[in-house]
Amino acid sequence: MPTATVPLISVPDTQTTATNITDTYRHLVAVGLHVKTTQQPAVVDITGLPRKSLYLSPAQHTKIEQAAQDLHLSFQQTFATLCAAGLAETSARHDAFDSAFALTSPPPFSGASPEQALFYRNCLTSLRQKRIGMLEGSTGVGKSRAMIMAALTMAKERSELQKIVITAPTLAVLGHLWSELERLTSEGLADEVQAGFFPGSQEFIDPGKLQEYLDQSGDKDPAVQLWMGQGGPLMHDAALIRAMSRAPTKMHHMTHDLKALATNLNPQDFVIEDDEDERLLESREYARKSRILFCTHTMLGLAFQRKWELFGQPDILIVDEGHLFEQSISSVYSNTLSLRMLRFHLYRSQKKAGLGKGSAIGKAVAGVSQCIQQVSSVDTNDGQSVRLTKEQADLGKVFSDLDALLSKKALSVVKDVKKARPILEDAMTAIEGKTGAVYLSFSPDRRFPSILSGREDLGGILGRIWKDMTHGAIIASATLYLPDRFGQMKCDYLKGVLALPLSRLDTPPPIVAPWVRSIPHLHIPDDKAAFLLSRPTGKTEQADVNLWLYNLSLSTAAILRKKKHGGTVILSVAFSHAATIGQHLVELGIPAERIVIQSGKNRFASAEQQYRALYAKGIQPILIAAGAAWTGIDLTDKTVTHDKDRLLSTLILSCAPVGLNRSLSMLKRIAKTNVRPIINESLMMLRQGLGRVVRHPDMRKIDIWVLDGRPWGIWPRMESWQNGVKCILEGYQKRKTFSFPPD
């Protein structure tokens, strides 16, 4: 990027929402350029102003040069003039927000906390002005109910609003939002406002497909057999099941129930494959007719991709867990092929058919194995991904040979084969230099290679989504802001990632509930424990990973033996790690009946249900979880007062979430700015995980254990991540250090 020595106007601290000086002035220039399109900015005298060399993007540098020509000023004077115009506009927006906020009443529902009332009023202030509110609030302040109430208020106030869409990244979070709607309905606050959930096909089981499997496989799972014999009735209460039950069609054979009942089979293998199922059609039609529609981030992305034909263009969009929104949209515009899962599905089909190695499917299994071997030898320069170029020409033939093996007609029915072929073709053409971005991506231990293809830059897509929201939007999360090197919380990273229009953006200060950090006891490792509990970095041997997981398990077992009350959640970053930790805990004497392990088959909603069932029996449950557990967990016991809630009293962070976002858009950010995006994403997810456990000011006897020593060790190029972690942890008032293993 070009470097320019420019004069710096004075900017009050209240107006600096960026993480550094450069980003602050870039932001003001961007706003000033927008102002210039509608009015002539007042020229600034730059005499006596301090000067500093700043890095500007080529595009912004060019725009400033063009503005200088239009204004007949020097580059330096134009820079200062645009900054002043941007500052004046930003100050005016803040004043307008404050004035509109003063006219906003507190929420009408009962028991609103001061933080919850403030969040609700911030939502309404932005929406009533048809603006976009970027709103952060601590986990537990009641953002969900405040957002739902804001949606209801807007629906009642504005008869012209046809559709308000509320979206979340996972079904677990979406179910929590629907539960809040039900609570507001019970208070009479949702009268005459129809709401519906727009489901995906994976919510419904194909009973014919499942019965055929049970008849032919010999799998006599008694619970599933009984359920099928009864006609697949609704067995387990869940918020989104209740949401779909509002449709006229009777709900039956739901995936949620099968997940809870099945012991061997994978429920995802039996979901409906077409869009003509009566249950799906009726549920979606009911949702289409609703003024408030609930859907996942991914479904929202699909709806936009299809020009809103799925359920109509929203007037207002409310995005929960907004820090994950871009990642979800990226998944819509990209394709991922896990080579190991492709081989698994092929091998399972081969065994089921009783075919040998010489068969078409047997050769395909061998072909995928060879592909995995070749791909795993690619040097990623200690990273987890590499872009395919002409330098990987040797892989082109491997992909071509595998594509030929998968082209056999008999293999077309095998899961993942149809998806695999176009991705392999993308990889081949990328190597030839004829297509867009295609990456090889690896799990941290390199055992799970994947091929990613699709769209890298989502700025235009996200920009059009915000433009379509003619009556405003809310982006909410417990983590929209990140600490800069001075410990100040700034939101510029996500503003850029989400391509938010600065001219419509409101960024009120984060709402921080002090009790989130004052209640729990935070345990961090001493120097020796930090060394032994540091996950191996860079190129590592499997033996080193195994030793690290065993050390984690030793420490976790010691914590669990001392624990006298309540449940424990162990947050991991991979299902394979969760399984290994669970196995070690049993070997170390922790009763297996206490342990629930989340996996690809045992999805989070089912794992949570098992955890709650153990607690109801008087057992101290242990949930080892990954993925959605970092953001979608709300383990509160609503049958007792908050001071007696022990459903989740101990949170163990086995490993900080570094490098989990491997979307194509994320890979482009990494290629452009190196490790900074990795650090930002990790700190956001870490803040999410830490916030899972304390959800009310009356909660007591809460412990958080950080079993990751990397923040206190030596990690080249990740020093700012280490400083960020320490900054986040320093906010906890009750901190203790522990040795290895904890005593």
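Please refer to the structure higher up on the page.
Residues numbered from 1 in each chain as written. Predicted model: local features only at pLDDT ≥ 70, side-chain atom pairs only at ≥ 80, totals over all residues. Heavy atoms only, no water.

Student: I tried to follow the overall build of the protein chain on my own but got confused; where do I start?
Tutor: Within the protein chain, the secondary structure is distributed over 28 helices and 22 strands. The C-alpha atoms of the protein chain give a radius of gyration of 27 Å, which matches the 27 Å a tight globule of 743 residues would have. Principal axes of the C-alpha set define a box for the protein chain whose edges measure 85 × 65 × 60 Å. Relative to all contacts within the protein chain whose residues are 6 or more apart in sequence, the contacts with residues 24 or more apart total 79%. A total accessible area of about 31400 Å² is found for the protein chain, and carbon and sulfur atoms account for 52% of it. (Helix = DSSP H or I, 4+ residues; strand = E, 2+ residues; numbered from the N terminus. Rg over C-alpha atoms; globule rule 2.2 N^0.38 Å. Contact = heavy atoms within 4.5 Å. Areas by Shrake-Rupley, 256 points an atom, 1.4 Å probe, with all protein chains shown as cover.)

Student: Looking at this structure, I do not really get the sheet that holds strand S15 (residues 505-506). What am I missing?
Tutor: Pairing is parallel across the open sheet formed by seven strands, whose spatial order is S5-S6-S4-S7-S12-S3-S15. The open sheet terminates on both sides in strands that have one partner only, identified here as strand S5 (195-197) and S15. Relative to S15, strand S3 (residues 132-136) is paired through two bridges, and the arrangement is parallel. Within S15, the position partnered with Ile132 by the bridge is Leu505. Relative to the sheet, helix H4 (residues 114-128) contacts S3, strand S7 (316-319), strand S12 (473-477) and S15, its axis offset from that of S3 by approximately 165 degrees. Taken strand by strand, helix H11 (residues 278-288) contacts S5 and strand S6 (292-296), and its axis lies near 145 degrees from that of S5. (Pairing = 2+ DSSP bridges. Axes fitted to C-alpha atoms, helices over the stretch in contact; angles between N-to-C directions.)

Student: Could you clarify how one ought to interpret helix H27 (residues 676-690) in this entry?
Tutor: In an α-helix there are 3.6 residues to a turn, and that puts residues three or four apart on one side. Helix length check: H27 (15 residues) gives 21 Å between terminal C-alpha atoms against 21 Å at 1.5 Å per residue, within 8%. By the criterion of burial, H27 is predominantly enclosed, with 14 of the 15 residues buried. (Expected span 1.5 Å × (residues − 1). Buried < 20%, exposed > 50% of the residue type's maximum accessible area, 1.4 Å probe, protein only.)

Student: Please explain the sheet that holds strand S18 (residues 595-597) as it appears in this structure.
Tutor: The pairing of strands in a sheet comes from backbone hydrogen bonds and takes either a parallel or an antiparallel form. Ordered in space as S18-S19-S17-S20-S21-S16-S22, the seven strands form an open sheet in which the pairing is parallel. Pairing within the sheet leaves two strands with one partner each, and these edge strands are S18 and strand S22 (734-738). Looking at each pair of strands side by side, their axes are set apart by 20 degrees on average, direction ignored. Looking at chain direction, strand S20 (residues 650-653) and strand S21 (residues 703-706) are connected through four bridges and run parallel. If you follow Leu653 over to S21, its bridge partner there is Val706.

Student: Which parts of the structure should I look at to understand the pairing of S20?
Tutor: Regular strands place side chains that alternate from one sheet face to the opposite one. Residues of S20 alternate between two faces, with Thr650 and Ile652 on one and Leu651 and Leu653 on the opposite face, all of them buried. Alignment of strand S17 (residues 568-571) against S20, held across four bridges, turns out to be parallel. By the bridge assignment for S20, Ile570 is matched with Ile652.

Student: Please clarify how the state of the cysteines should be interpreted in this entry.
Tutor: Working definition: the covalent bond between the sulfur atoms of two cysteines is a disulfide. Scanning the model with the defined rule gives zero disulfides in all. Left unpaired, Cys491 is separated from the closest cysteine sulfur, that of Cys123, by 16 Å. (Disulfide = S-S within 2.5 Å.)

Student: When you look at the pattern of salt bridges in this model, what are you seeing that I'm missing?
Tutor: Oppositely charged side chains can form a pair if their charged atoms are brought close together. Tallied over the entire structure, the rule returns 23 salt bridges. Residue Arg242 is joined to Asp237 by a salt bridge in which the shortest nitrogen-to-oxygen separation is 2.6 Å. Looking at Asp237, the relative accessible area reads 61%, which means it is exposed. Between Lys397 and Asp401 there is a salt bridge, with the nearest N and O atoms lying 2.9 Å from each other. A residue pair is termed a helical-turn pair when its members lie 3 or 4 positions apart in one helix, as Lys397 and Asp401 do in helix H16 (residues 393-406) at four residues. (Salt bridge = Lys/Arg side-chain N within 4 Å of Asp/Glu carboxyl O.)

Student: How do you make sense of the nonpolar core when you look at a structure like this?
Tutor: In a soluble, globular protein the nonpolar side chains are often hidden away together inside. Phe311, Leu317, Phe325, Trp466, Val569, Leu585 and Trp721 are the most contacted members of the largest nonpolar core, which has 111 residues in total. For Phe311, the residues in contact, after removing those within four places along its chain, are Lys163, Val165, Phe198, Arg288, Leu293, Cys295, Met299, Leu300 and Ala303. The next biggest cluster of nonpolar side chains, apart from the first, holds 49 residues, and it includes Cys123, Trp178, Leu240 and Ile241. (Core = buried A, V, L, I, M, F, W, Y, C linked by side-chain atoms within 4.5 Å.)

Student: What's the story with the side chain of Asp403 in this structure? I'm lost.
Tutor: Within the secondary structure layout, Asp403 lies in helix H16. At a separation of 3.0 Å, a polar atom in the side chain of Asp403 contacts the side chain of Arg421. Setting aside residues no more than four positions away along its own chain, Asp403 makes contact with Arg421, Leu424, Glu425 and Met428. (Polar contact = N/O pair within 3.5 Å; in protein donor to acceptor, adjacent residues only side chain to side chain.)

Student: How should helix H23 (residues 575-587) be read in this particular structure?
Tutor: Compared with the 18 Å implied by 1.5 Å per residue over 13 residues, the 19 Å span of H23 between its first and last C-alpha is a close match. His577, Ala578, Ile581, Gly582, His584 and Leu585 are the residues of H23 that are buried. The arc that holds every buried residue of H23, seen down its axis, measures 165 degrees, which confines them to one face. The first or second residue beyond H23 is Gly589, which carries a positive phi of 100 degrees. (Arc of directions from axis to C-beta.)

Student: Explanation requested: the packing of aromatic side chains in the structure shown.
Tutor: Aromatic ring pairs: the centre-centre distance and the angle between the two ring planes describe each pair. Overall, the coordinates contain nine aromatic pairs when judged by the stated rule. On the numbers, 6.5 Å between centres and 20 degrees between planes, the contact of Phe97 with Phe101 is stacked. Taken as a pair, Phe97 and Phe101 lie in helix H3 (residues 75-102) at a separation of four residues, close to a single helical turn. Using a relative accessible area of 18% as the deciding quantity, one classes Phe101 as buried. Ring centres 5.7 Å apart and planes at 40 degrees place the aromatic pair Phe325 and Trp466 in the tilted group. Here Phe325 is found in helix H13 (residues 325-332), whereas its partner Trp466 is found in helix H18 (residues 459-468), with 141 residues between them in sequence. The buried category is assigned to Trp466, whose relative accessible area is 0%. Members of the aromatic cluster, connected to one another through ring pairs, are Phe198, Phe304, Trp308 and Phe311. A cation over an aromatic ring shows up here: Arg121 above the ring of Phe101, its NZ or CZ 4.0 Å from the ring centre. (Phe/Tyr/Trp six-rings, centres within 6.5 Å; stacked < 30°, edge-to-face > 60°. Lys NZ or Arg CZ within 6 Å of the ring centre and 35° of its normal.)

Student: How should the packing of helix H22 (residues 542-562) against H23 be read in this particular structure?
Tutor: Packed helix pairs are specified by the crossing angle of their axes together with the interaxial distance, meaning the distance between the axes. At a closest axis distance of 9 Å, the pairing of H22 and H23 adopts a crossing angle of 55 degrees. Classified by the angle between their axes, H22 and H23 sit oblique to one another. Between H22 and H23 lies a crossing of right-handed hand. In contact with Trp548, Leu549, Tyr550, Leu552, Ser553, Thr556, Ala557 and Leu560 of H22, H23 contributes His577, Thr580, Ile581, His584 and Leu585. When its residues are assigned to classes, the contact of H22 with H23 shows eight nonpolar, five polar and no charged. (Parallel < 35°, antiparallel > 145°, perpendicular 65-115°, else oblique. Left-handed = near helix turned anticlockwise from the far one by under 90°. Nonpolar A, V, L, I, M, F, W, Y, C, P; charged D, E, K, R; others polar.)

Student: Got a minute to help me understand the packing of H27 against helix H28 (residues 719-729) in this structure?
Tutor: At a closest axis distance of 10 Å, the pairing of H27 and H28 adopts a crossing angle of 20 degrees. Regarding the angle of H27 to H28, the classification is roughly parallel. As H27 runs across H28, the sense of the crossing is right-handed. Between H27 and H28, the residues in contact are Arg676, Ile679, Ser682, Leu683, Leu686, Arg687 and Leu690 and Ser720, Trp721, Gly724, Val725, Ile728 and Leu729, respectively. Of the residues contributing to the contact of H27 with H28, the split by class is eight nonpolar, three polar and two charged.

Student: What am I meant to see in unusual backbone geometry here?
Tutor: The phi angle of most residues is negative, glycine excepted, and most peptide bonds adopt the trans form. Cis geometry marks the peptide bond from Phe740 to Pro741; its omega dihedral reads -15 degrees. Position of Pro741 relative to the elements: it lies in the segment after S22. Although it is not a glycine, Asn674 adopts a positive phi angle of roughly 65 degrees. Looking at the element boundaries, Asn674 is found in the loop between helix H26 (664-673) and H27. With a relative accessible area of 41%, Asn674 lands in the partly exposed category.

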